[in-house]
Amino acid sequence: MVMATAMAMAMAMAMVKKVLEPMGCEAWTGQRLTPWKLDQAGPGNDRLTCRRRVQLSTSWLGCAVMSVALEAHAESWRITPSIAVNETLTNNLFLTSTNRTSDLVTGITPGISIEGQGARASLRLNYGLTQNLYARESSQNNLQNALNAVGTLEAIENWFFIDASGTISQQLISAFGQTSPSDANINNNQTETAYYSISPYIRGRLLSSTEYLLRYTASTTSADSSAVSDTTTSQWLGRINGNTRWGPLSWSLDASSNSVQYDIGRDRNDTRYQLTLSYRLTPQFQFSLIAGRETNNLVSLEDETYSDSGYGFIWTPSPRTKLDARMTRRFFGNGYVVAFSHRMPRSLLSYTASRDVSYQPVGVGNTGQGSNYDAFYAIIAASNPGLAPDAIRAQVNQVLQGRGVPADGTVVNGALTNRPTLQKLQQLSYALLGARNTLTFSATESQQQPLGVVSGLTDDYSLANEVTQRGFGVIWGHQLTGRSSLSLSLNEQRSLAKGTNAVDTKTQGAYLFFTTQLSPKTQANIGARHVISDGGINADYTESALTGVLSHSF
């Protein structure tokens, strides 16, 4: 077992290393540079060279920490190599409105999944490397990476912890360009984007009624496209909270400092201090008052200081229903975070809304299992209070695979930007779990405005002073037999530009899939889709495709 564990970890780290090294040393020009070439790129690139070294150090430190930790502490391992072959027959490979090109695309994806859980460490890592081969347009053959990894190490028992995470995904460059129905299509509006983060922190108790937390997070985001800026972020978070001799009254003191560096354009800093007093009026209702200060250069060239005050409340009228809301008056006006959820015996309704500063789209750095996964996990966990987490996860995976439902139902992931934005975000979701049927619905609206001016780069905010994205998706899954399922997905995404150069892009898609389990470790899937897109920047197209997937885990 030790030998197998070591071999699997070495293989996983080698695969990740193959991805991280070139990405960590990519110059702004978009050309791949090795570390020594980057060092010789010229005296004017000292800052770029230093930042690439930070990126490599950050990602490799996280991988090294998790590798050592899990080898020492993991009590259970699930290491699953896999292989998948995906065939796509499309009538519009380049997603164009005229001169459509048909092609047969073969995608071969070797991958590995590692899950380790121990008393003081855990790791969840999924990695796949896809080789796309085009029967007619062989000059478009390409490699695509997909990584989702998150791990935690308890370095010193009950005091010092280290979190590490990494993602590699395909992200949109512009909200008004083409939106690909699959990664097999050739889309110049899409770029491979890597995100890595490491976050050491300490937490403990000062007195019997006082707790403290101090966390530092270093993260880096880099894209293959030269149209978007790479970023490096450093963040400090501190918190002290406790109770008082008056039982219902509690307090907390929070401090944070963010520093975001852009390869092109000026850097941004934001420092906040907040004091919160909370009073529990009833067992179901708690009210809070917030007072603080904020200093940043998000909308000005120099640091400016603003007051930061507001209120919040938490209302839990029943174990199935919760409403958590917080509003503060900030430099951009009213900022808020609202979260509502209501659980029924076999369904879950949730709604979230926020207005805050955003540095990158939600799809970057998201290490979650997916919105549909989270919803069904909550339903199954609530219906089986004594069930262990591993058993719950197994049931969720069985539902998703057995009904042919994707783990993530997100319909609006946003687009990469070259500056921070003020984002107003609303998300509504509903999930229903039946004996043989599942139904999920999700709707999202995002409104973003730029904060500050960027010199040397253009993005969506060069065309408009506000970008609105709306989308919804419905997924129905039906289990035909113990091994086969049928699923239907309908979605729509719309992007609108508000300003002098008004742009309106709408993409609609319908997807039908039949999935069957050929053996305990082999699965087959055949599907058909039809997508219509109009408006935007060269975004007019229609596409139909037939797909087939054969996957096997070892």
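Residues numbered from 1 in each chain as written. Predicted model: local features only at pLDDT ≥ 70, side-chain atom pairs only at ≥ 80, totals over all residues. Heavy atoms only, no water.

### Side note on the confidence of the model for the protein
Inference 1: For the protein, per-residue confidence averages 85 on the pLDDT scale, and residues scoring 70 or more make up 85% of the total.
Inference 2: Here residues 1-62 scores under 50 on pLDDT; set against residues more than four positions off or in separate chains, the count is 105 contacts.
Inference 3: Scored below 50 in pLDDT, residues 64-74 makes 24 contacts in the model with residues more than four places away or belonging to other chains. (pLDDT = per-residue confidence, 0-100. Contact = heavy atoms within 4.5 Å.)

### A closer look at empty space enclosed by the protein
Inference 1: Throughout the structure, instances matching the rule amount to six cavities of 30 Å³ or more.
Inference 2: In this structure, the second largest cavity spans a volume of roughly 110 Å³.
Inference 3: Taken together, 14 residues line the second largest cavity, and the ones lying closest to its centre are Thr 221, Ser 229, Thr 231, Leu 416 and Thr 417.
Inference 4: It is strand β7 (residues 210-223) that provides the largest number of residues to the lining of the second largest cavity, a total of three residues.
Inference 5: Broken down by class, the residue content of the lining of the second largest cavity amounts to six nonpolar, seven polar and one charged. (1 Å grid on protein atoms, 1.4 Å probe; cavity = no way out; pocket = protein on both sides within 12 Å on 5 of 7 lines; lining within 4 Å. Points joined across faces, edges and corners; volume = space filled by probe spheres on them. Helix = DSSP H or I, 4+ residues; strand = E, 2+ residues; numbered from the N terminus. Nonpolar A, V, L, I, M, F, W, Y, C, P; charged D, E, K, R; others polar.)

### Re the nonpolar core
One broad rule of soluble globular proteins: the nonpolar side chains tend to lie buried together.
Inference 1: Judged by nonpolar contacts, the single largest core of 14 residues is most densely connected at Phe 376, Ile 379, Ile 380, Val 396, Leu 400, Ala 431 and Leu 433.
Inference 2: Contributing elements (two or more residues each) for this core: α4 (371-383), α5 (389-403) and β16 (421-433).
Inference 3: Broken down by element, this core gets its largest block of residues, five residues, from α4.
Inference 4: Leave out the neighbours within four places in its chain, and Ile 380 touches Ile 392, Gln 395, Val 396, Val 399 and Leu 433.
Inference 5: Trp 77, Ile 112, Leu 125 and Tyr 196 belong to the second largest nonpolar core, which has 12 residues in total. (Core = buried A, V, L, I, M, F, W, Y, C linked by side-chain atoms within 4.5 Å. Buried < 20%, exposed > 50% of the residue type's maximum accessible area, 1.4 Å probe, protein only.)

### Concerning a nonpolar patch on the surface
Inference 1: Among the surface-exposed residues, Leu 206, Leu 207, Ile 240, Leu 253, Leu 275 and Leu 277 lie close enough to one another that they form a single nonpolar patch of about 540 Å² accessible area.
Inference 2: Counting residues per element, the ones that place at least two in the nonpolar patch are β6 (190-207) and β10 (268-282).
Inference 3: With respect to the helices, strands and loops of the structure, Leu 253 is situated in strand β9 (residues 249-262).
Inference 4: Residue Leu 253 is classed as partly exposed on the basis of its relative accessible area of 43%. (Patch = residues over 30% accessible without salt bridge, like charges linked within 9 Å, V, L, I, M, F, W, Y side chains within 5 Å. Areas by Shrake-Rupley, 256 points an atom, 1.4 Å probe, with all protein chains shown as cover. Salt bridge = Lys/Arg side-chain N within 4 Å of Asp/Glu carboxyl O.)

### Things to note about the packing of aromatic side chains
Think of a pair of aromatic rings as described by two things: how far the centres are apart, and how the planes are tilted against each other in angle.
Inference 1: Within this structure, the stated rule accounts for eight aromatic pairs.
Inference 2: Relative to Tyr 377, the ring of Tyr 373 lies with its centre 6.2 Å away and its plane at 25°, an arrangement referred to as stacked. Of this pair, Tyr 373 and Tyr 377 are both found in helix α4, four residues apart, which corresponds to roughly one turn of the helix.
Inference 3: Under the relative-accessibility criterion, Tyr 373 is labelled buried at 6%.
Inference 4: Among the aromatic residues, ring-to-ring pairing joins Tyr 306, Phe 331 and Phe 332 into one connected group. (Phe/Tyr/Trp six-rings, centres within 6.5 Å; stacked < 30°, edge-to-face > 60°.)

### Here's the deal with α5
Structural remark: α-helix, 3.6 residues per turn; residues separated by three or four positions point the same way.
Inference 1: Along its 15 residues, α5 runs 21 Å from first to last C-alpha, staying within 8% of the 21 Å computed at 1.5 Å per residue.
Inference 2: Buried within α5 we find Ile 392, Val 396, Val 399, Leu 400 and Arg 403. Summarising the axial view, the buried residues of α5 lie within an arc of 90°, below the 170-degree limit, and thus occupy one face.
Inference 3: Elements in contact with the buried residues of α5: α4, β16, β17 (437-450), β18 (466-479) and β19 (484-498).
Inference 4: One or two residues past the end of α5 sits Gly 404, with phi positive at roughly 70°. (Expected span 1.5 Å × (residues − 1). Arc of directions from axis to C-beta.)

### Concerning the pattern of salt bridges
Think of it this way: side chains of opposite charge can pair up when their charged atoms draw near.
Inference 1: In the structure shown here, the tally under the stated rule is 13 salt bridges.
Inference 2: A salt bridge links Glu 115 to Arg 78, with the nearest nitrogen and oxygen atoms 2.7 Å apart. Residue Glu 115 is located in strand β2 (residues 103-118), and its partner Arg 78 is located in strand β1 (residues 74-90); the two are separated by 37 residues in the primary sequence.
Inference 3: Of the residues examined, Glu 115 reaches a relative accessible area of 24% and is grouped as partly exposed.

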